[in-house]
Amino acid sequence: MIRMGLRMLGILVIFLAACLFGSAMEFQVKKRWMILRELRELFRFLQKEMIYHRSPLEEALLLAAKSGMQETGEMLRRIAEEMKKRNGRTFQEIWGQAVTCCLGNILEPTALDAVKDAYTALCNTDVVLQKVLLEKQENLFEGLCRDAECGYREKSGLYRKLGAVGGIFLILVLL
């Protein structure tokens with residue numbers, strides 16, 4: 001009797017663990033999508049701050065970090081702090097290191113390369129060209145965001161179902 005109860009408890013634990021694994025995979029896909037949405041909004045915000053309000057880059061990054069950017073806020077704070085220190089490093093190096101450190105494990109390589117290349121829009125001193133480059137980055141991230149949303153919609157249910165089916169498979173194998 002106790003043995004049967006332990007067996008049922010084990011079955012329940014295996015099934016729940018497999019379902020949680022599927023949900024964790026779904027959460028990663030959703031997190032990618034949310035980060036890309038935040039990056040799109042970041043470039044809108046930076047365009048407003050740097051071009052229309054004439055804020056320096058360091059100040060604009062700190063304001064963006066404080067403005068409710070959850071996923072990318074740490075990256076922006078890190079970049080602004082490193083800009084204060086500088087230590088003989090270029091903005092490209094600071095930006096690339098912060099992006100790799102904060103978003104390297106989350107974003108896909110194509111999206112990560114797009115974020116790393118975004119520094120060119122921020123470093124330009126010509127206001128007109130900077131506006132054009134920031135709009136270009138915003139449009140790029142709009143497309144990446146749309147693709148990530150489609151991927152999330154396609155894969156979210158699949159990952160949950162695969163987790164449940166994997167749990168059932170493990171239960172059948174272990175019985």
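Residues numbered from 1 in each chain as written. Predicted model: local features only at pLDDT ≥ 70, side-chain atom pairs only at ≥ 80, totals over all residues. Heavy atoms only, no water.

## Description of the environment of Lys-66
- Assignment of secondary structure puts Lys-66 in helix 2 (residues 57-66).
- Classification of Lys-66 as exposed rests on a relative accessible area of 69%.
- In the structure, Lys-66 is positioned 26 residues away from Arg-40 in sequence and 16 Å away in space, judged by C-alpha atoms. (Helix = DSSP H or I, 4+ residues; strand = E, 2+ residues; numbered from the N terminus. Buried < 20%, exposed > 50% of the residue type's maximum accessible area, 1.4 Å probe, protein only.)

## Some words on the nonpolar core
- Counting residues in each nonpolar core, the largest one holds 45 residues, and the members touching the most others are Leu-39, Leu-61, Met-75 and Trp-95.
- Looking at this core, the elements with two or more residues in it are helix 1 (2-52), helix 2, helix 3 (73-85), helix 4 (91-103), helix 5 (109-117), helix 6 (119-122) and helix 7 (127-174).
- With residues up to four places along the chain from it excluded, the contact list for Leu-39 reads Thr-72, Met-75, Leu-103, Leu-107, Val-115 and Phe-141. (Core = buried A, V, L, I, M, F, W, Y, C linked by side-chain atoms within 4.5 Å. Contact = heavy atoms within 4.5 Å.)

## Focus: the state of the cysteines
- Counted under the stated rule, the structure contains 0 disulfides.
- Here Cys-145 is not cross-linked by a disulfide; its sulfur's nearest cysteine counterpart is in Cys-150, at 9.8 Å. (Disulfide = S-S within 2.5 Å.)

## Quick look at a nonpolar patch on the surface
- On the surface, Ile-2, Leu-6, Leu-9, Leu-12, Val-13 and Leu-16 cluster together to form a nonpolar patch covering roughly 610 Å² of accessible area.
- Its place among the elements puts Leu-6 in helix 1.
- What makes Leu-6 exposed here is its relative accessible area of 57%. (Patch = residues over 30% accessible without salt bridge, like charges linked within 9 Å, V, L, I, M, F, W, Y side chains within 5 Å. Areas by Shrake-Rupley, 256 points an atom, 1.4 Å probe, with all protein chains shown as cover. Salt bridge = Lys/Arg side-chain N within 4 Å of Asp/Glu carboxyl O.)

## Concerning the packing of aromatic side chains
- All chains considered together, the criterion is met by 2 aromatic pairs.
- The interplanar angle of 25° and the centroid separation of 5.4 Å between the aromatic rings of Trp-33 and Tyr-152 together place this pair among those described as stacked. Remark: Tyr-152 occurs in helix 7 and Trp-33 occurs in helix 1; sequence separation between them is 119 residues.
- Taking the relative accessible area as the measure of exposure, Trp-33 reaches 8% and is therefore buried.
- When the ring centre of Trp-33 is taken as origin, the NZ or CZ atom of Arg-37, which lies over that ring, is 5.4 Å away. (Phe/Tyr/Trp six-rings, centres within 6.5 Å; stacked < 30°, edge-to-face > 60°. Lys NZ or Arg CZ within 6 Å of the ring centre and 35° of its normal.)

## Section: the confidence of the model for the chain
- Of all residues in the chain, 99% attain a pLDDT of 70 or more, and the chain-wide mean is 81.
- Ranking the elements of the chain by mean pLDDT puts helix 6 last, at 76, and helix 1 first, at 84. (pLDDT = per-residue confidence, 0-100.)

## Section: the layout of surface pockets
- By volume, the largest pocket amounts to about 180 Å³.
- Every residue lining the largest pocket is counted, 13 residues in all, and those nearest its centre are Arg-32, Leu-36, Glu-108, Asp-147 and Ala-148.
- Elements with a contribution of two residues or more to the lining of the largest pocket: helix 1, helix 5 and helix 7.
- If one sorts the elements of the lining of the largest pocket by residue count, helix 7 sits on top with 6 residues.
- Of the residues that constitute the lining of the largest pocket, the class distribution is 7 nonpolar, 2 polar and 4 charged. (1 Å grid on protein atoms, 1.4 Å probe; cavity = no way out; pocket = protein on both sides within 12 Å on 5 of 7 lines; lining within 4 Å. Points joined across faces, edges and corners; volume = space filled by probe spheres on them. Nonpolar A, V, L, I, M, F, W, Y, C, P; charged D, E, K, R; others polar.)

## Looking at the packing of helix 5 against helix 7
- Here helix 5 crosses helix 7 at 165°, and the two axes come no closer than 11 Å. Looking at the two axes, helix 5 sits roughly antiparallel to helix 7. Judged by the sense of rotation from one axis to the other, the crossing of helix 5 with helix 7 is left-handed. Of the residues in helix 7, those touching helix 5 at Ala-111, Ala-114, Val-115 and Asp-117 are Gln-137, Leu-140, Phe-141 and Leu-144.
- In terms of residue class, the contact of helix 5 with helix 7 is made up of 6 nonpolar, 1 polar and 1 charged. (Axes fitted to C-alpha atoms, helices over the stretch in contact; angles between N-to-C directions. Parallel < 35°, antiparallel > 145°, perpendicular 65-115°, else oblique. Left-handed = near helix turned anticlockwise from the far one by under 90°.)

## Some remarks on the packing of helix 1 against helix 7
- Between helix 1 and helix 7, whose axes approach to 7 Å, the crossing angle comes to 175°. Compared by their axis directions, helix 1 and helix 7 come out roughly antiparallel.
- Here the contact of helix 1 with helix 7 is composed, by residue class, of 28 nonpolar, 10 polar and 12 charged.

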